[in-house]
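# An overview of the molecular structure
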Amino acid sequence: MLSKEAKATERYLEDQELIEKLAGDDTRNFAFNQLVRKYQERIYWHVRKMVIDHDDADDVVQEVFIKVWKNLHRFRQDSQLYTWIYRIATNECLNFLKKKRRVSLLSLSDYQDVLISKLDLAVQVDGDMIEMKLQKALLKLPDKQRMVFNMKYFDDMKYQDIAAITETSVGSLKASYHHAVKKIEEILNHD
Amino acid sequence: MKKFRLEDLEKRQVFNKPPAGYFDRLPGIIQAKTAHQAGKTGRWASWVWALRLAPVAAMLVIIALYSGMFQQQLDDPGFEEILSQVTSEEIILYLEELDISNDEILEEVDLKALSLELEQMHDPLMDNLEIQDESLIQLYEDFDLQDGLL
């Protein structure tokens, strides 16, 4: 296990170097290990903000990297490696939530209520605090809009990068984010 | 009352951290799963190929059986073909063995209908034959057909 200091200075391979090593039979496993170490935290938090619960996030993150491994031969380098991984993570997240909502529908419950109850256990702030109210307000947005909001607001990603990940136009993303902000402010001001 | 604006809010990470050592263990867990997938894929692939090829193999067997049966059918000549291979002499010999008289053969023939049919036929050969009645009568007598025709 790496110490905090070692982690802080841990050098990761550049993406281009990773891509080259992933292409080699002898170096693929090592490169993949490096890829996971490089991107696991970012992907984890991207997923965790959507699925709320750590165990669910763990399942989704593992699926993401397994899919990355299985589809390495399909990576055409027409996008950044990070964008490609993020795109797989985004799709896995949305599919996971869609599946959960479908199962919830069968039991005549709303998965949104399930996420709210998971939120109470998953956050380290008081329920009265504004950050908790914000998280609950976010759960009222459609999943894809919530995801775009997370990437823009919390991760401070550029619209061009979000567009590449979600394969949506920059204009649509700006509109989506603007509406999300308005809706959240309405909810928070109403409470 | 001042309206709340999102841009005024300080961005904070509110979620609980994952368990200690989670990110140290995760790469190993993932690589173990990908290695297991690769092993499974090897065995799975051979099963998948076996399942995919099974219907094809079954079709080939059916086609081979059908072809064999069809060929056998082709090899078995039809009744007419069998008959065409039999010579006229063999037919006559057969009939002689059966000891069927001319009368018995003629009993099977509708002579009146045959006569009408012959009359209606305009065979140039027959029309130009110019057979005299006396010759015809002689012919009838020779083959003993007189009673049947008249």
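Below, the structure is looked at part by part. Each chain carries its own residue numbering, running from 1 in the written order of its sequence. Think of it this way: whatever chain is written first is A, whatever ligand is written first is 1, and the rest follow in order. With the structure being a predicted model, the display of local features is reserved for residues of pLDDT at least 70 and the display and counting of side-chain atom pairs for 80 or more, all residues being used for whole-chain, interface and lining totals. Side-chain metrics rest on all non-hydrogen atoms present in the structure, leaving aside hydrogens and water.

Further remarks concern the overall build of chain A. Looking only at helices and strands, chain A features 10 helices and zero strands. Helix numbers and strand numbers start at the N terminus; a helix is a DSSP run of H or I with at least 4 residues, a strand a run of E with at least 2. The order of helices and strands in chain A, counted from the N terminus, is α-α-α-α-α-α-α-α-α-α. Counting every position in chain A, which comprises 191 residues, the buried fraction comes to 50%. Considering only residue pairs separated by 6 or more positions, chain A has 57% of its internal contacts joining residues 24 or more positions apart. A 1.4 Å probe rolled over the protein chains alone gives each residue an accessible area, and that area as a share of the maximum for its type sets the label: buried under 20%, exposed over 50%, partly exposed in between. Contacts: residue pairs with any heavy atoms within 4.5 Å of one another.

Time to look at the packing of helix α8 (residues 143-154) of chain A against helix α10 (residues 170-190) of chain A. Residue and element names in this part refer to chain A. Interaxial angles span 0 to 180 degrees and are taken between N-to-C directions of axes, which are lines fitted to C-alpha atoms, for helices over the stretch in contact. Between α8 and α10, the shortest axis-to-axis distance is 9 Å and the interhelical angle comes to 95°. Taken as axis vectors, α8 and α10 run roughly perpendicular relative to one another. Two secondary-structure elements touch here, α8 through Gln-145, Val-148, Phe-149, Lys-152 and Tyr-153 and α10 through Leu-173, Ser-176, Tyr-177, His-179, Ala-180, Val-181 and Ile-184. When residues are sorted by character, Ala, Val, Leu, Ile, Met, Phe, Trp, Tyr, Cys and Pro go into the nonpolar class, Asp, Glu, Lys and Arg into the charged class, and all the rest, Gly among them, into the polar class. When its residues are assigned to classes, the contact of α8 with α10 shows eight nonpolar, three polar and one charged. Each angle receives one of four descriptions, namely roughly parallel if under 35 degrees, roughly antiparallel if over 145, roughly perpendicular if within 65 to 115, and oblique otherwise.

Let us look at the packing of helix α3 (residues 28-51) of chain A against helix α4 (residues 54-70) of chain A. Residue and element names in this part refer to chain A. Relative orientation of the contacting elements α3 and α4 amounts to 140°, with a least axis distance of 9 Å. α3 and α4 meet at a crossing whose hand is right-handed. For the pair formed by α3 and α4, the contact residues are Arg-28, Asn-29, Phe-32, Leu-35, Val-36, Tyr-39, Gln-40, Ile-43, Tyr-44, Val-47, Arg-48 and Val-51 on the first element and His-54, Asp-56, Ala-57, Val-60, Val-61, Val-64, Phe-65, Val-68 and Trp-69 on the second. Considered class by class, the residues forming the contact of α3 with α4 number 15 nonpolar, three polar and three charged. It is the rotation of the near helix from the far one that decides the hand of a crossing: anticlockwise by less than a right angle makes it left-handed, clockwise makes it right-handed.

All names here are of chain A. With respect to the helices, strands and loops of the structure, Val-148 is situated in helix α8. C-alpha separation for the pair Val-148 and Tyr-177, spaced 29 residues apart in sequence, amounts to 6.8 Å. Val-148 has contacts with Ile-162, Leu-173 and Ser-176, leaving out every residue within four places of it along the chain.

We now examine the interface of chain A and chain B. On the side of chain B, 27 residues touch chain A, which itself brings 42 residues to the contact. Counting each side, the surface lost to burial between chain A and chain B is near 3400 Å², with a carbon and sulfur contribution of 63%. Any Lys or Arg side-chain nitrogen located within 4 Å of an Asp or Glu carboxyl oxygen qualifies as a salt bridge. The tally of links between chain A and chain B comes to one salt bridge. Note that Arg-12 of chain B is salt-bridged to Glu-131 of chain A, the shortest N-O span being 3.7 Å. A simple way to read buried area is as the amount of 1.4 Å-probe accessible surface that goes missing from two parts once joined, with both sides added.

Throughout this description, the term nonpolar core refers to a set of buried Ala, Val, Leu, Ile, Met, Phe, Trp, Tyr and Cys residues connected via side-chain atoms within 4.5 Å. Core analysis: the biggest nonpolar cluster contains 73 residues, and Leu-35, Ile-43 and Phe-65 of chain A have the highest contact counts within it. The residues contacting Leu-35 of chain A, other than those within four sequence positions of it, are Leu-18, Leu-22, Phe-65, Val-68, Leu-81 and Ile-85 of chain A.

With that out of the way, let us pick up unusual backbone geometry. Residues and elements named next belong to chain A. Here the phi dihedral of Ile-52 falls at roughly 75°; this positive angle occurs in a residue that is not glycine. The residue Ile-52 is located in the loop between α3 and α4 in this model. Note on Ile-52: relative accessible area 1%, which makes it buried. At Asp-156, a position not held by glycine, the phi torsion is positive, near 55°.

Residue and element names in this part refer to chain A. One pass over the full model with this rule turns up 12 salt bridges over all chains. Among the ionic pairs, Asp-155 bridges to Lys-49, the shortest N-O distance being 3.2 Å. Placement of the pair is Asp-155 in the loop between α8 and α9 (159-166) and Lys-49 in helix α3, with a sequence separation of 106 residues. By relative accessible area, Lys-49 is classed as buried at 10%. Through salt bridges that share partners, Arg-101, Asp-143 and Arg-146 make up one connected network.

Residues and elements named next belong to chain A. With respect to the helices and strands, Arg-87 occurs in helix α5 (residues 81-106). Look at Arg-87 and you get buried, because its relative accessible area is 18%. Those residues within four positions of Arg-87 in sequence are excluded, and the remaining contacts are Ser-79, Ala-164, Ile-165 and Glu-167.

The next subject is empty space enclosed by the protein. Site definitions follow a grid-based scheme: protein atoms alone, a 1 Å grid, a 1.4 Å probe that fits but cannot get out for cavities, and for pockets an open set with protein on both sides within 12 Å along at least five of seven lines, plus lining residues having an atom within 4 Å of a point. Grid points are joined across faces, edges and corners, and a volume is the space filled by probe spheres set on the points. Applying the stated criterion across every chain yields a total of one cavity of 30 Å³ or more. Estimates place the volume of the largest cavity at around 40 Å³. Lining the largest cavity, in full, are Glu-131, Leu-134, Gln-135, Tyr-153 and Phe-154 of chain A together with Leu-9, Glu-10, Lys-11, Arg-12 and Val-14 of chain B. The greatest single-element share of the lining of the largest cavity, amounting to three residues, is contributed by helix α7 (residues 130-138) of chain A. Here the residues of the lining of the largest cavity are counted per class, giving five nonpolar, one polar and four charged.

Turning to the packing of aromatic side chains, a few remarks are in order. Residue and element names in this part refer to chain A. Any pair of Phe, Tyr and Trp rings, taking the six-membered ring for Trp, is counted once the centres come within 6.5 Å. Such a pair is stacked with planes under 30 degrees apart, edge-to-face with planes over 60 apart, and tilted for the rest. The final tally for this structure, using the stated rule, is 12 aromatic pairs over all chains. With a centroid separation of 4.9 Å and 75° between ring planes, the pair formed by Tyr-82 and Tyr-86 is classed as edge-to-face. Residue Tyr-82 and its partner Tyr-86 are located together in helix α5, separated by four residues, close to a single helical turn. Using a relative accessible area of 18% as the deciding quantity, one classes Tyr-82 as buried. In this structure Tyr-86 comes out as buried when scored by relative accessible area, which is 2%. On the numbers, 5.5 Å between centres and 25° between planes, the contact of Phe-149 with Tyr-177 is stacked.

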